[in-house]
Amino acid sequence: MTSSSRSRSLAWVTASTAAWNAAVLCGAGARKPEILRTYWSAAARTSSLVTVSVKGGRKVLMLRHMASSLPRPCGRISTVLDQLITYPATSRPDLLAGPVLDALTGGNGSAAGSLADDRIRVTEIDPALADTAEFCARYGVAAEESANCVVVTARRGDSETLAACVVLATTRADLNNLVRRHLGARKVSFLPIDRAVAATGMEYGGITPFGLPADWPLLVDAAVVGTDRVVVGSGVRHSKLVVPGQVLASLGKAEVMEGLGVPNQAG
């Protein structure tokens, strides 16, 4: 058997046992996102090249140069999010910024409505890994299941409007076209960090659509709302919220917009 044939055979074996191995890990309650993610990738596709890589001190099979001949598994695949240790958000006020807690509980005059339920979960993370790219890389969460909330300033003459945009981590907000036209501005740009922190009452790197000032426009990409579960900030750097995408459409002055997120430019 040639080296290529052995590699392909190994890929097929890994694929055929992926669901079972993932189920075992889930049942054991093990938090091993890199391993789980590798198995699900193997189940989805086959490879002609298998290499070994080291992540977090573990040797993990990394399947590369994927072919599309093997069908993807049926049903929702979100094992990595399932492996995060989460709590009902309102049960862990120590993991939430003040405005976020108020938004979820109705404190400080906020209207909690249907937000105070167990669908909105919080997970504790390393604050040094709060930025989305670092968080996804360390915890094995797909960028397609993570969203960024950016604060922008829209100006026309002497008038300024502050707003927030929520897009998947695989995209960037279309500020110069869609957002500018929607807000009726001549220029839209990111709000400087010090102003964003002061205006939201949240930590930079943890800004979230929950708990923003009630009069701010909140533009949410339709792709985010269509996500079964999505990871967003919690207002602080040492945690993240895991929420159904549809919940974001019910926040404050939220407006769901098609095409708000445009693909990130390569490089």
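See above for the structure.
Residues numbered from 1 in each chain as written. Predicted model: local features only at pLDDT ≥ 70, side-chain atom pairs only at ≥ 80, totals over all residues. Heavy atoms only, no water.

Novice: Mind laying out the overall build of the protein chain, listing which residues take part and the relevant values?
Specialist: For the protein chain, the helix and strand inventory stands at eight helices and 13 strands. Here the protein chain holds 267 residues, and 45% of them are scored as buried. Within the protein chain, residue pairs in contact and separated by at least 24 positions form 66% of the contacts whose partners lie at least 6 positions apart. Carbon together with sulfur atoms contributes 52% to the accessible area of the protein chain, which is approximately 13,200 Å² in total. (Helix = DSSP H or I, 4+ residues; strand = E, 2+ residues; numbered from the N terminus. Buried < 20%, exposed > 50% of the residue type's maximum accessible area, 1.4 Å probe, protein only. Contact = heavy atoms within 4.5 Å. Areas by Shrake-Rupley, 256 points an atom, 1.4 Å probe, with all protein chains shown as cover.)

Novice: Any chance you could break down the packing of aromatic side chains for me, citing the residues and the numbers?
Specialist: For the structure on display, the rule yields one aromatic pair. Over the ring of Tyr 139 we find Arg 138, and its NZ or CZ is 5.2 Å from the ring centre. The ring of Phe 135 has Lys 240 lying over it, and the distance from NZ or CZ to the ring centre is 5.4 Å. (Phe/Tyr/Trp six-rings, centres within 6.5 Å; stacked < 30°, edge-to-face > 60°. Lys NZ or Arg CZ within 6 Å of the ring centre and 35° of its normal.)

Novice: Mind laying out the pattern of salt bridges, listing which residues take part and the relevant values?
Specialist: In this structure the tally under the stated criterion is four salt bridges. Across the salt bridge formed by Glu 160 and Arg 155, the nearest N and O atoms sit 3.2 Å from each other. Since its relative accessible area comes to 38%, Arg 155 is described here as partly exposed. When the shortest N-O distance is used, the salt bridge between Arg 195 and Glu 160 registers 3.1 Å. A residue pair is termed long-range when its members are at least 10 positions apart, and Arg 195 in helix H7 (residues 193-200) and Glu 160 in strand E6 (residues 159-168) qualify at 35 residues. Given the relative accessible area of 33%, Arg 195 is considered partly exposed. Glu 160 gets classed as partly exposed once you look at its relative accessible area, which sits at 30%. (Salt bridge = Lys/Arg side-chain N within 4 Å of Asp/Glu carboxyl O.)

Novice: Talk me through the environment of Leu 168; I want residue IDs and the actual numbers.
Specialist: Here Leu 168 lies in strand E6. Looking at Leu 168, the relative accessible area reads 10%, which means it is buried. Along the backbone, Leu 168 and Asp 221 are 53 residues apart, and their C-alpha atoms lie at a distance of 7.7 Å.

Novice: Describe the sheet that holds E6, listing the residues and the values that go with them.
Specialist: The mixed open sheet is built from five strands, whose spatial order is E8-E5-E6-E9-E12. Strands at the two margins of the open sheet, each flanked by one partner only, are strand E8 (187-190) and strand E12 (254-257). Geometrically, the sheet is characterised by an average inter-axis angle of 30 degrees between neighbouring strands, direction not taken into account. In this structure, strand E9 (residues 218-221) lies alongside E12, joined through four bridges in parallel fashion. Considered in E12, the bridge of Val 220 is made with Val 256. (Pairing = 2+ DSSP bridges. Axes fitted to C-alpha atoms, helices over the stretch in contact; angles between N-to-C directions.)

Novice: Describe the pairing of strand E4 (residues 121-124), and please don't skip the residues or the numbers.
Specialist: Pairing analysis gives three bridges linking strand E3 (residues 86-88) to E4, with the strands arranged antiparallel. Bridge assignment links Thr 86 to a residue of E4, and that residue is Thr 123. Looking at chain direction, E4 and strand E11 (residues 239-243) are connected through four bridges and run antiparallel. Bridging across to E11, Thr 123 finds its partner in Lys 240.

Novice: Before we move on, could you go through the nonpolar core and cite the residues and values that matter?
Specialist: Counting 35 residues, the largest nonpolar core has Phe 210, Leu 241 and Leu 248 as the members making the most contacts within it. Of the residues forming this core, the biggest block, four residues, is contributed by E6. Listed in part, the 14 residues of the second largest apolar core include Val 167, Leu 175, Val 179 and Val 188. (Core = buried A, V, L, I, M, F, W, Y, C linked by side-chain atoms within 4.5 Å.)

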